[in-house]
Amino acid sequence: MKQKHLVLLVCIVIVLGIVYAIQQNSRKTGSDSMGKRELVPTDFSSDSVAAVKLERGNKTVTLKQTDSGWVVTERFNYPADVSKLRDLFIKLCDARIAQVVSLTPIQEEELSLTPGKSVTLTLTDKNAGMLQRFVFGSEHNGRKTPSQPFAMTGGSAGRYLLLADGRCVVVPEGFHEVDSPLTDWLNRDFFQVSDLKRAILKRNGKTEWELTFKDGKPALAGTIPADKELDESKISSLRNAFSWIRFQDVADPKAAPGTTGMDKAPELLLTDSDDLLYTIRPGAGTDGKHYLRVTVAWKGDARRKSPSGEKPEDKKRLDAEFEKTVRERKEKAAKLNKTLSPWTYAVEKNVFDSASATRGSFLKDKPKPEPKQDGKSSSVKPVK
């Protein structure tokens with residue numbers, strides 16, 4: 001290789017080295033100005049979180065970890081929706097900052113990053129020490145608009161946040177959980193009577209009506225007037241009300257019975273095909289809401305009746321299977337009763353109406369027979 005070629009090659013290498021150094025320095029500078037891309041430190045663990053507080057204006061939702069699990073403080077420590085909370089933690093840990101933006105006070109107002117409009121999320125540990133705090137503003141639809149002066153790469157949607165270190169950032173995640181109303185944080189596990197076998201309504205200890213179901217067909221105990229018949233649509237309403245039952249809210253466990261209507265509530269006893277007995281007490285509250293309380297017990301046969309001529313080996317196997325089924329049903333009833341019985345639930349009016357229906361509501365008028373017509377009156381005259 002000629003000497004001038006060698007010198008030229010060395011110069012090229014030196015120039016490339018300088019360009020690389022400049023690029024690396026530029027990247028480092030850009031990275032430093034961006035700051036960390038994670039919303040939470042990489043070593044953050046949700047296991048260290050003992051309380052979660054969401055604040056918007058004068059509305060607050062506090063989720064707190066207790067010995068019995070996560071609860072909603074503003075709802076008398078009713079169990080919280082743990083799956084919803086877990087989803088929020090996962091999104092916080094997975095979220096990455098898409099942009100760091102600089103906003104004027106007017107832009108902060110427009111993007112709902114000011115008190116009263118924003119949602120502040122605070123995570124604290126068991127000693128009430130703050131772990132993380134985020135201020136959530138409006139959603140980012142991905143496009144640049146007058147009220148939203150920054151666009152994200154690819155036009156993806158996201159949300160504006162103010163971080164504890166003072167940065168305003170955009171993340172490609174909506175975090176819709178933080179906008180949920182208080183009651184949406186309640187654990188929605190409830191009861192369902194999916195295969196109703198018997199329904200009895202009692203007022204002041206006396207049976208007002210009794211419905212039984214065999215092969216899906218209802219029967220109403222007692223005499224039915226000659227001009228009446230069962231209204232199966234009303235009976236279906238009763239069955240549907242408790243096969244798809246949901247609650248809206250919970251009442252203060254210390255509320256006086258007169259406040260929730262429990263002082264005048266009848267008793268609706270529902271027995272399903274597994275012999276679980278649900279005793280439901282519906283009440284009309286003085287606040288215009290409708291409530292119910294429920295207890296659960298198993299009321300089936302504890303011993304199997306063996307048919308005559310059953311082989312000893314079959315009896316042993318079937319008895320063991322029967323005992324296992326009885327044990328499982330008792331455990332289910334005990335678990336439901338422990339979960340539900342301490343609480344008074346606010347429910348929709350149609351549930352209250354079904355739980356306090358009168359006997360007459362299950363009856364309707366029989367269709368009246370068509371009047372008889374003679375040949376002359378029934379003849380059709382030709383059109384002229």
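It should be noted that the structure appears before, not after, this text.
Residues numbered from 1 in each chain as written. Predicted model: local features only at pLDDT ≥ 70, side-chain atom pairs only at ≥ 80, totals over all residues. Heavy atoms only, no water.

Trainee: Help me out: how do you make sense of the pattern of salt bridges in this one?
Mentor: Opposite charge on two side chains permits them to pair, given that their charged atoms come into close proximity. One pass over the structure, following the stated rule, counts 19 salt bridges. Close ionic contact of Arg 304 with Glu 310 constitutes a salt bridge, the shortest N to O distance being 2.9 Å. The partner of Asp 319 in a salt bridge is Lys 315, and the shortest N-O contact between them spans 2.7 Å. One end of the pair, Asp 319, and the other, Lys 315, are both in helix H6 (residues 312-340), 4 residues apart, so they sit about a helical turn from each other. (Salt bridge = Lys/Arg side-chain N within 4 Å of Asp/Glu carboxyl O. Helix = DSSP H or I, 4+ residues; strand = E, 2+ residues; numbered from the N terminus.)

Trainee: Can you walk me through the pairing of strand S16 (residues 276-284) in this structure?
Mentor: Successive residues of a regular strand alternate their side chains across the two faces of the sheet. Of all 9 residues in S16, 7 are buried, a share of seventy percent or more. Linking strand S15 (residues 267-272) to S16, which pair antiparallel, is a turn of 3 residues; within it Asp 275 sits at a positive phi near 65°. In the sheet, S16 pairs with strand S17 (residues 290-298) via 9 bridges, with the strands oriented antiparallel. Following the sheet pairing, Ile 280 is matched in S17 by Val 294. With antiparallel pairing between neighbouring strands as the criterion, S16 and S17 make up a hairpin whose turn holds 5 residues, including Gly 288 at a positive phi of roughly 85°. (Buried < 20%, exposed > 50% of the residue type's maximum accessible area, 1.4 Å probe, protein only. Pairing = 2+ DSSP bridges.)

Trainee: Looking at this structure, I do not really get the packing of aromatic side chains. What am I missing?
Mentor: Aromatic ring pairs are reported here in terms of the distance separating the ring centres and the angle at which the planes meet. Overall, the coordinates contain 12 aromatic pairs when judged by the stated rule. Centroid distance Tyr 78 to Trp 343: 4.7 Å. Interplanar angle 75°. Geometry classified as edge-to-face. One end of the pair, Tyr 78, is in strand S4 (residues 78-79); the other, Trp 343, is in the loop between H6 and strand S18 (345-347), with 265 residues separating them in the sequence. Judged by its relative accessible area of 12%, Trp 343 is buried. An aromatic cluster is defined as three or more aromatic residues linked by ring pairs; in this entry it consists of Tyr 78, Phe 190, Phe 191, Phe 247, Tyr 278, Trp 343 and Tyr 345. (Phe/Tyr/Trp six-rings, centres within 6.5 Å; stacked < 30°, edge-to-face > 60°.)

Trainee: Please clarify how the sheet that holds S17 should be interpreted in this entry.
Mentor: Adjacent strands of a sheet pair through backbone hydrogen bonds, lying either parallel or antiparallel. Spatially, 8 strands are ordered S12-S11-S10-S15-S16-S17-S18-S14 in an open sheet, and the strand pairing comes out antiparallel. Every interior strand has two partners, whereas the edge strands, strand S12 (217-220) and strand S14 (249-250), have only one. Direction of pairing for S15 relative to S16: antiparallel, over a ladder of 4 bridges. Across the sheet, Leu 268 pairs through a bridge with Ile 280, a residue of S16. Where helix H4 (residues 232-243) meets the sheet, it contacts strand S10 (196-203), strand S11 (206-214), S12, S15 and S16, and its direction lies at approximately 90° from that of S11. Seen against the sheet, H6 touches S16, S17 and S18 and runs at an angle of roughly 150° to S17. (Contact = heavy atoms within 4.5 Å. Axes fitted to C-alpha atoms, helices over the stretch in contact; angles between N-to-C directions.)

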